[in-house]
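A structural walkthrough
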Amino acid sequence: MNNLNPKKPIDYRNDIHPVWCAGCGDYGVLKSFTRAFAKLELSNERIAVISGIGCSSRLPGYCETYGFNSVHGRSLPIATGLKTARPDLTVVACGGDGDAFAIGIGHIPHAIRRNPDLTYFVMDNSIYGLTKGQASPTTSTELKKMRGLPGAEEIPVNPALFILSCGAGFVARTQAGDMGHMTEMLTQAIQYPGFAFIHCLSVCVTYQGREFQTGLEQKIHALPEGYNASNIDSAFQIARNDPWALGVLYRRPPEESQFSPVTEPVDE
Ligand code: SF4
């Protein structure tokens, strides 16, 4: 039967005005979340958005869904616990690069090996925005030198490579300036039965500067034509050698899954 009253993206937004700086990439991410929820025709009361701490982790506060702005780096244990207790919910964990790959990094391999059916969306602007511009684990040596940040020679974390190495079954990359692409990646990630990761290249207009945005736009591109996302070797090659390619880097074929996602509720 046709849905005569389909949900619209605005149905997933509350009336709280975001406190993000004008031009922050997080606005686009929020819109892509609401678009994906509408596209999948999800009931508001069946969605939970769980975050850690940081500018981007404010996102659940602006969604007309259940949500939890939790503790720094702890979105994944909370999201995993929620999904285990309430497998009927669509659970999306989100946060920034600092939240994910500094204090939160120890939780990632364990969430992946438990393989809960949830999506982890990391908004990577390569800097700590909320605490005013320190280097994060993904800050490039180039940006560190440009901004005069300490630790300029430290090797940055490669998010897609790290997550693939941990064994995730779905890994995609997108960018905050393209809501259509973000919505598509998020939709596919939510539909994937198991742990799905999205690396979202974003921009902090306040602490990176406009030149970072321009540089990002010049470097990003789609995955090569004919790219086979079910080939793990190709995914590792792209993750290692091409940090600017956007799309689904890896989707594990169902017959290669060693573990069923956590879908059964725990006993009362
Ligand atoms: S400080 Fe940066 S990341 Fe934080 S809201 Fe402003 S632009 Fe966005």
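So, a few notes on the structure that sits alongside this text.

Digging into the overall build of the chain
Counting its regular elements, the chain contains 9 helices and 10 strands. Computed over the C-alpha atoms, the radius of gyration of the chain is 18 Å, within 12% of the 18 Å expected from 2.2 N^0.38 for a compact globule of 268 residues. If one aligns the C-alpha atoms of the chain with their principal axes, the spans along those axes are about 55 × 45 × 40 Å. Counting across all 268 residues of the chain, residues that qualify as buried make up 50%. Pairs at least 24 residues apart make up 70% of the contacts formed inside the chain by residues separated by at least 6 positions. Counting every atom, the chain has about 12600 Å² of accessible surface; 53% of that belongs to carbon and sulfur.

Describing the site of the ligand
Around the ligand sit Trp20, Cys21, Cys24, Cys55, Asn125, Gly129, Cys204, Val205, Thr206 and Tyr207, and that is every residue in its neighbourhood. Residue composition of the shell around the ligand, by class: 7 nonpolar, 3 polar and no charged.

Side note on the side chain of Asn14
Here Asn14 lies in the segment before helix 1 (26–39). Relative accessible area serves as the criterion here: at 17%, Asn14 is assigned to the buried category. A polar side-chain atom of Asn14 sits 3.3 Å from a polar atom in the side chain of Arg13.

Description of helix 9 (residues 232–241)
Listed in full, the buried residues belonging to helix 9 are Ala235, Ile238 and Ala239. All buried residues of helix 9 lie within an arc of 100° about the axis, which places them on one face of the element. Away from its buried face by more than 90 degrees, helix 9 exposes Asp233, Arg240 and Asn241. In this structure, the buried side of helix 9 is in contact with helix 6 (159–166), strand 7 (170–175) and strand 10 (245–251). Capping the start of helix 9 is the job of one residue whose side-chain oxygen sits 2.9 Å from the backbone nitrogen of Asp233: Asn231.

Describing the packing of aromatic side chains
Counted by the stated rule, this structure contains 9 aromatic pairs. Plain terms: the ring middles of Tyr120 and Phe197 are 6.1 Å apart, the flat faces sit at 50° to each other, and that makes the pair tilted. Here Tyr120 is found in strand 4 (residues 119–124), whereas its partner Phe197 is found in strand 8 (residues 196–201), with 77 residues between them in sequence. Each member of the pair, Tyr120 as well as Phe197, is classed as buried. Relative to Tyr192, the ring of Phe170 has its centre 5.6 Å away and its plane inclined at 40°; by these criteria the two rings are tilted. Linking Phe170 in strand 7 with Tyr192 in the loop between helix 7 (179–191) and strand 8, this pair joins segments that are 22 residues apart in sequence. Exposure class is identical for Phe170 and Tyr192. Each is buried. The rings of Tyr12, Phe33, Phe37 and Phe121 are connected pair by pair, giving a single aromatic cluster. Its guanidinium or amino end placed over the ring of Tyr12, Lys7 lies 5.6 Å from that ring's centre, counting from NZ or CZ.

What counts and how
Each chain has its residues counted from 1, following the order in which its sequence is written. Note on the predicted model: pLDDT of at least 70 is required for a residue's local features to be given, and 80 or more for side-chain atom pairs to be given and counted; whole-chain, interface and lining totals, by contrast, use all residues. To obtain the side-chain values, all non-hydrogen atoms of the structure were included, while hydrogens and water were left out. What counts as a helix is a DSSP run of H or I of at least four residues, what counts as a strand is a run of E of at least two, and both are numbered from the N terminus. For a compact globule the rule gives 2.2 Å times the number of residues to the power 0.38, and the radius of gyration it is set against comes from C-alpha atoms. Think of it in three bands: residues with accessible area under 20% of the maximum for their type are buried, residues over 50% are exposed, and the middle band is partly exposed, with areas taken using a 1.4 Å probe on protein chains only. Note on definitions: a residue-residue contact is assigned when non-hydrogen atoms from the two residues lie within 4.5 Å. Areas reported here follow the Shrake-Rupley algorithm with a probe of radius 1.4 Å; residue values treat only the protein chains shown as occluding. We call a residue near a molecule or strand when any one of its heavy atoms sits within 4 Å of it. Following the grouping adopted for this structure description, the nonpolar residues are Ala, Val, Leu, Ile, Met, Phe, Trp, Tyr, Cys and Pro, the charged ones are Asp, Glu, Lys and Arg, and the polar ones are all others, Gly among them. Side-chain atoms alone can form a polar contact between residues adjacent in sequence; in general such a contact is a pair of N or O atoms within 3.5 Å, and within protein one must be able to donate a hydrogen while the other accepts it. Our arc is simply the arc of the directions from the helix axis toward the C-beta atoms. For this analysis, a ring pair means two rings from Phe, Tyr or Trp (six-membered ring only for Trp) whose centres lie within 6.5 Å, classed as stacked if their planes differ by under 30 degrees, edge-to-face if by over 60, and tilted for the remaining angles. For a lysine, the NZ atom is tested; for an arginine, the CZ atom; a charge sits over a ring if that atom is within 6 Å of the ring centre and within 35 degrees of the ring normal.

Remember that the coordinates give geometry; whether it matters functionally is a separate question.
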